[in-house]
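# Residue-level structure breakdown
Each chain, letter by letter, is given below.
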Amino acid sequence: MADHWNANGQPKNGASAGSGNPYSIDLVNFTRRLKALYSHWNQYKFDLWSSTDVLAIAMPPASEDLRYLKSSALNIWLLGYEFPETIMVFTKRHIHFLCSQKKASLLEVVKKPAKEAMGLDVVMHVKAKNDDGTTQMDAIFQAIHAQPKVDGNDAPVVGYIAREEPEGKLLETWAGKLKIASFHLTDVSNGLSDLFAVKDEHEILNVKKAAYLALNVMENVVVPKLENVIDEQMEVTHSALMDETEKAILEPSKAKVKLKAENVDICYPPIFQSGGQFDLKPSAQSNDDLLYYDSASVIICAVGARYNSYCSNIARTLMINANSLQSKAYKVLHKAHEAALGALKPGDKISAAYQAALSVVEKDAPELVPNLTKSAGTGMGLEFRESGLNLNAKNDRVVKDGMVFNSSLGFQNIRCETKNPKNQNFSLLIADTVIVRERNVEVLTGKSSKNVTDVTYFVNKNVEKVKRPKGKAEANGTDTFMSKTTLRSDNHEISKEELRRQHQAELARQKNEETAQRLAGGGNGTGDLRAAAKTSTDLIAYKNVNDLPSPKDLMIQIDQKNEAVLLPIYGSMVPFHVATIRTVSSQQDTNRNCFIRIIFNVPGTPFNPHDANTLKNQGAIYLKEVSFRSKDPRHISEVVQLIKTLRRQVMARESERAERATLVTQEKLQLAGNRFKPLRLTDLWIRPVFVGRGRKIPGALEAHFNGFRYSTSRADERVDIMYGNIKHAFFQPAEKEMITLLHFHLHNHIMVGKKKTKDVQFYVEVMDVVQTLGGGKRSAYDPDEIEEEQRERDRKNKINMDFQSFVNRVNDLWGQPQFNGLDLEFDQPLRELGFHGVPYKASAFIVPSSSCLVELVETPFLVVTLSEIEIVNLERVGLGQKNFDMTIVFKDFKRDVLRIDSIPSTSLDGIKEWLDTTDIKYYESRLNLNWRQILKTITDDPRSFIENGGWEFLNLEASDSDSENSVESDQGYEPSDMESESESESDEDDSDSESLVESDDEEEEDSEEDSEEEKGKTWEELEREASNADREKGDESDSDEERKRRKMKAFGKSRATPSSGVPKRAKLR
């Protein structure tokens, strides 16, 4: 308890109260609150203050026990400190203090402000050290009788705190004399409670700091500790967890919080409960039982912290392998808790909060109504539970702006059908510290997630628990745990690789069940994987015959205006819209005859499915192909070029039209206006960039009521991003990169300028691109160089801090109740888990985040949502390989797989560990697979796929025994240096005939290829290479330029040799 006095009149930390006394009463605060006390007393005298004429507040002696007293709260609220064994008597004209000499000397400073502000005389009644204070009490009683009679009462009405029993000689004497005096005594607890209910800004700041400490202890100490205990299968007691958490509260640095330790304290001993024994009262204790975290178990943890004596609270429930009843109950509780928060509005009754929560439970799970706690929380401040502000169904007091509540809701002792006695009963609890504001409720501890997905953990039931070490550790009296190394070497514990393998086996079973249900239900697993051909409904070149141009000759004509090609067929010119043409080509035979070949899009052929128009005319006959011969090669070449150019223009126009047609209509941006000042971040660049003339200029990003707006000084450069359209939001500060960025991955496409995109990024370059003039190297100790580096560091840190501040404020905005359904929060990529790879054409540093796998620096951007991943296949994994590939298969089988190539083998274990911890099933293979053909096979016959074990055909360990007898794997082998141009020709090949295997050694290092070639070279080849090398080297007299030219010539010949062989087959992914 910060800044308290003990029984000897010393500060709690033992500092002297003499010269250099750290205790000084804030007179401005005292004056303001003294006015508030008398104003409230006069306004509610006959209601809350029970018609009292005098207030008599007695503060008991200091105690080491954790307790909440209204007398203590009044001392701290009015004077800033507790004054033990001090009696304060407030009358209409005087304030009397009965205390020791030392305390009286401290209180002398309040005389002047009390007189100037309220006209009150402060009278000090100083008692000797061993005196019982009887003489001073008589003087106070005489002053009470001497004051004017009010309301015709002969006996003055004296208000006191009835529930506080007198402690110590002074207070016992005071209580005895008060009872026999000719006063009418009444309780004023309600008046004090209402006085403390609405907090001023100074009090709210203290509550926020307390809540910040509690939140960080939960996030940085409690949750990581519990996760480590569960992950390492340790044995630890509830009381041990309580002690460790209490130390973290009392030493804020352990929770990564910069608050002075002398200003903080606990609200109550931290609570940890599990194993079927639960008590949801704040007075609950953490027992000495071991933490129980087997399957279907529940762990409740609650943390309360104080700053400058102001309280805060947070409680969360963790579920291990939750069953359906637990998951349902928690979802209902979470929804009810949010409803209670939403009902705390100024002007409404306090009972509305509990009624809102009760309505949710009655609607969604009526069978759980008897288990619901009878209250949704209490008021909170200097007291952990402020009387009169209980959030129950009967409290008719009105909610006011500035009230602080501990919003706590739970289900007590829900019965579960199981034979395990520790799982037969379970309870759930959620608690947050909230401040009532004029427009909304501010949840101070809301950053600790309450979503069911974030509080549910998966634990492998087959893993043995880690035993507590015996012997030496116990002899030394230390409570330590055995290290991983000791366990594996001495006690033969299961290795991390074995744990991962077992977890992956469980994931494989779950994944196959999930895929089977989805395919059986007709989900995303049917249909052709390629884009359908354009519908022919709107392909009209000429509305009637009269619009056809008059034929000049029976020659192929191109009508640019009507986008048509006129072909001479049987003496007539027949028009075809250019969009119906699939390919056009020309060739020349040995007799100098030129041929032009035109292939049309015909419904029903491969890659040209039936569109809506052809289904209406199923009896129609289509022209598939035509060929014409000519003696004029120039004319044929011109016709081919004109058709290709026209077709390209039409397809580009239709593609842009189709893109705009697929845009989802966005809601209109509601500007902040007068409701609040929009959050603003300036001097930002945007990607994709605005297309147009002129110099590019930066703009500003503003957060409004329902979305962001980015705009520059140009009127046409403006982008609105609605909060409801944001799927993922990322903040990536500059560490080893040149930019700090905010990135938004959207649900639906929007137009940025003329570009349709789902990814919008705003960034600032943290380092200026400079070029050193003079060309020479500068010394590492050059003062100018050092100063320049320091400026760059300062600039980077300032930009990162500006972005971080903007992100924090937006997160607070998104934490308001109206945005709860969007589940928005800025995610920050975890660089320590990153790896290098090639997702598109260039190498990039790919980084996981909590919900995605991203690459946000190089374009095109990579954003893969982890929840949309079906499986991951690690390809070309084997001994001696320096690189491997990662193939990501999505739950939507219509979607092409994503390949990340050339990942260094040193990243393999880290990627496996990350995939396993995120519950993603992965497989390994030695070859690249043709996933388009695999997915087509699955969607064509899902029943066979399920019956044959689902994805287990990818299991390398299971298939090793059959691989020697397999012949199919060799049929699909392809050279690793296949050119990318062949991909464009793959559309005309029959994909059904391709192997499921693509390549064995794709994209290997050049050194490995050279070593493999050298193993099989003959003597003639080696001799020829030696002579070539001699020619390249030349005589010693040759110049460097001649040697270089000779070497480049030889290199060109060696590169030209493979192309003369068998043409390469296209690769289909």
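## Structural notes on empty space enclosed by the protein
By rolling a water-sized probe across the atoms, one finds the places where empty space is left. The tally for this structure, following the rule as stated, stands at four cavities of 30 Å³ or more. A volume near 70 Å³ is recorded for the largest cavity. With three residues, helix H2 (residues 70-79) is the single largest residue contributor to the lining of the largest cavity. Split into classes, the residues belonging to the lining of the largest cavity amount to six nonpolar, two polar and three charged.

## Digging into the sheet that holds strand E21 (residues 625-630)
Here three strands make up an open sheet; going across it, the order is E19-E20-E21 and the pairing antiparallel. Both outer strands of the open sheet, strand E19 (581-588) and E21, are each paired with one neighbouring strand and no more. Between one strand axis and the next, the sheet turns through 15° on average, direction left out of account. Sheet analysis places strand E20 (residues 594-600) next to E21, joined by six bridges and oriented antiparallel. Residue pairing for E21: Ile598 is matched across the bridge by Val626.

## Describing helix H10 (residues 324-342)
The end-to-end C-alpha distance of H10, which contains 19 residues, comes to 27 Å, matching closely the 27 Å that a straight helix rising 1.5 Å per residue would cover. All of the buried residues in H10 are Gln326, Ser327, Ala329, Tyr330, Val332, Leu333, His334, Ala336, His337, Glu338, Ala340 and Leu341. One side-chain oxygen of the residue at the start of H10 lies 3.2 Å from the amide nitrogen of Leu325, identifying that residue as Asn323.

## Some thoughts on the nonpolar core
Ranked by internal contacts, the top residues of the largest apolar core, which has 134 residues, are Leu79, Phe90 and Phe411. Broken down by element, this core gets its largest block of residues, 15 residues, from helix H8 (residues 201-232). Excluding residues within four positions of it along the chain, Phe90 makes contact with Leu34, Leu37, Tyr38, Trp41, Asp53, Val54, Leu55, Leu74, Leu78 and Ile95. Ranked by size, the runner-up nonpolar core spans 35 residues in total, among them Phe690, Leu742, Phe744 and Val752.

## A short note on the packing of H10 against helix H11 (residues 351-364)
The interhelical angle for the contact between H10 and H11, taken along N-to-C directions, is 150°, at an axis separation of 7 Å. The angle between H10 and H11 falls in the class roughly antiparallel. Crossing geometry of H10 relative to H11 is assigned as right-handed. On H11, the residues touching Lys328, Val332, Lys335, Ala336, Ala339 and Ala340 of H10 are Ala353, Ala356, Ala357, Val360, Val361 and Asp364.

## Quick word on the pairing of strand E10 (residues 310-320)
The buried fraction of E10 is high, at 11 of 11 residues. The side-chain alternation of E10 yields two buried faces, one formed by Tyr310, Ser312, Ile314, Arg316, Leu318 and Ile320 and the other by Cys311, Asn313, Ala315, Thr317 and Met319. Here strand E9 (residues 297-307) runs beside E10; their pairing, made up of 11 bridges, is antiparallel. Paired with Val303 across the two strands is Ile314, which belongs to E10. Linking two consecutive strands that pair antiparallel, namely E9 and E10, is a turn of two residues; a positive phi of about 50° is found at Asn308 within it. Across two bridges, the pairing between E10 and strand E15 (residues 456-457) is parallel. When the sheet's bridge partners are listed, Met319 is paired in E15 with Thr456.

## A word on the sheet that holds strand E37 (residues 922-924)
Spatially, the four strands line up as an open sheet ordered E36-E35-E34-E37, and their pairing is mixed. Each end of this open sheet is capped by a strand with a single partner; those strands are strand E36 (898-904) and E37. Across this sheet, the average inter-strand angle for adjacent strands is 20°, counted without regard to direction. Here strand E35 (residues 883-890) runs beside E36; their pairing, made up of five bridges, is antiparallel. Bridging from a neighbouring strand, Thr887 pairs with Arg899 of E36.

## What to know about the environment of Ser327
Following the sequence through the fold, Ser327 ends up in helix H10. With relative accessibility at 19%, the residue Ser327 sits in the buried group. Between the C-alpha atom of Ser327 and that of Val452, which follows or precedes it by 125 residues, the distance is 7.2 Å.

## Digging into the pattern of salt bridges
Inspection of every chain in the model, using the stated rule, returns 43 salt bridges. For Arg509, the salt bridge is made with Glu506, and the minimal N-O distance between the two is 2.3 Å. One end of the pair, Arg509, and the other, Glu506, are both in helix H15 (residues 496-520), three residues apart, so they sit about a helical turn from each other. For Arg509, a relative accessible area of 39% translates into the label partly exposed. With a relative accessible area of 24%, Glu506 lands in the partly exposed category. Glu513 is the salt-bridge partner of Arg509, the closest N and O atoms lying 3.0 Å from each other. Linking Arg509 with Glu513, this pair stays in helix H15, spanning four residues, or about one helical turn. A single network of salt bridges, built from pairs that share partners, joins Glu201, Lys208, Arg437 and Glu442.

## Side note on H2
Where burial is concerned, most of H2 is hidden: 10 out of the 10 residues are buried. Those residues of H2 that sit buried are Lys70, Ser71, Ser72, Ala73, Leu74, Asn75, Ile76, Trp77, Leu78 and Leu79. After H2 finishes, the residue Gly80 shows a positive phi value of roughly 95°.

## Observations concerning the packing of H8 against helix H9 (residues 238-250)
H9 packs onto H8 with a crossing angle of 145° between their chain directions and a minimal axis gap of 10 Å. Crossing hand, H8 versus H9: right-handed. Judged by residue contacts, Leu213, Val217, Val221, Val222, Lys225 and Leu226 of H8 engage Leu241, Glu244, Thr245, Ala248 and Ile249 from H9. Of the residues contributing to the contact of H8 with H9, the split by class is eight nonpolar, one polar and two charged.

## Considering unusual backbone geometry
Of the consecutive residues Arg687 and Pro688, the connecting peptide bond is found in the cis state with omega at 0°. As for its placement among the helices and strands, Pro688 is situated in the loop between strand E22 (679-687) and strand E23 (699-703). In the segment running from Thr859 into Pro860, the intervening peptide bond is cis, with an omega of -5°. Position of Pro860 relative to the elements: it lies in the loop between strand E32 (852-855) and strand E33 (862-865). The backbone phi angle of Ser309 is positive, close to 75°, even though this residue is not glycine. With respect to the helices and strands, the residue Ser309 is situated in the loop between E9 and E10. For Tyr570, which is not glycine, the phi dihedral falls at a positive 55°.

## Points about the confidence of the model for the protein chain
Low pLDDT means the predicted coordinates in that region are not meant to be read closely. Across the protein chain, the average pLDDT comes to 80, with 78% of residues at 70 or higher. Predicted confidence for residues 1-20 stays below pLDDT 50, and this span has 46 contacts to residues more than four positions away or in other chains. Confidence over residues 961-996 falls short of pLDDT 50; this stretch has 57 contacts with residues more than four positions distant or in other chains.

## Regarding the packing of aromatic side chains
Throughout the structure, instances matching the rule amount to 24 aromatic pairs. Ring centres 6.4 Å apart and planes at 40° place the aromatic pair Phe708 and Phe806 in the tilted group. In this pair, Phe708 sits in strand E24 (residues 707-711) while Phe806 sits in helix H18 (residues 783-814), placing the two residues 98 residues apart along the sequence. In this structure Phe806 comes out as buried when scored by relative accessible area, which is 0%. Plain terms: the ring middles of Phe731 and Phe803 are 6.4 Å apart, the flat faces sit at 15° to each other, and that makes the pair stacked. With Phe731 in strand E26 (residues 726-732) and Phe803 in helix H18, the pair connects residues that are 72 residues apart, well separated along the chain. Accessibility assignment for this pair places Phe731 and Phe803 in one class, buried. An aromatic cluster is defined as three or more aromatic residues linked by ring pairs; in this entry it consists of Phe690, Phe708, Tyr710, Tyr723, Phe744, Phe762, Phe806, Trp814, Phe819 and Phe826. Sitting over the ring of Phe890, Arg895 keeps its end group 3.6 Å from the ring centre. In this structure, Lys921 is placed above the aromatic ring of Tyr923, and the distance from its NZ or CZ to the ring centre is 4.6 Å.

Rules and cut-offs
- Residues numbered from 1 in each chain as written.
- Predicted model: local features only at pLDDT ≥ 70, side-chain atom pairs only at ≥ 80, totals over all residues.
- Heavy atoms only, no water.
- 1 Å grid on protein atoms, 1.4 Å probe; cavity = no way out; pocket = protein on both sides within 12 Å on 5 of 7 lines; lining within 4 Å.
- Points joined across faces, edges and corners; volume = space filled by probe spheres on them.
- Helix = DSSP H or I, 4+ residues; strand = E, 2+ residues; numbered from the N terminus.
- Nonpolar A, V, L, I, M, F, W, Y, C, P; charged D, E, K, R; others polar.
- Pairing = 2+ DSSP bridges.
- Axes fitted to C-alpha atoms, helices over the stretch in contact; angles between N-to-C directions.
- Expected span 1.5 Å × (residues − 1).
- Buried < 20%, exposed > 50% of the residue type's maximum accessible area, 1.4 Å probe, protein only.
- Polar contact = N/O pair within 3.5 Å; in protein donor to acceptor, adjacent residues only side chain to side chain.
- Core = buried A, V, L, I, M, F, W, Y, C linked by side-chain atoms within 4.5 Å.
- Contact = heavy atoms within 4.5 Å.
- Parallel < 35°, antiparallel > 145°, perpendicular 65-115°, else oblique.
- Left-handed = near helix turned anticlockwise from the far one by under 90°.
- Salt bridge = Lys/Arg side-chain N within 4 Å of Asp/Glu carboxyl O.
- pLDDT = per-residue confidence, 0-100.
- Phe/Tyr/Trp six-rings, centres within 6.5 Å; stacked < 30°, edge-to-face > 60°.
- Lys NZ or Arg CZ within 6 Å of the ring centre and 35° of its normal.

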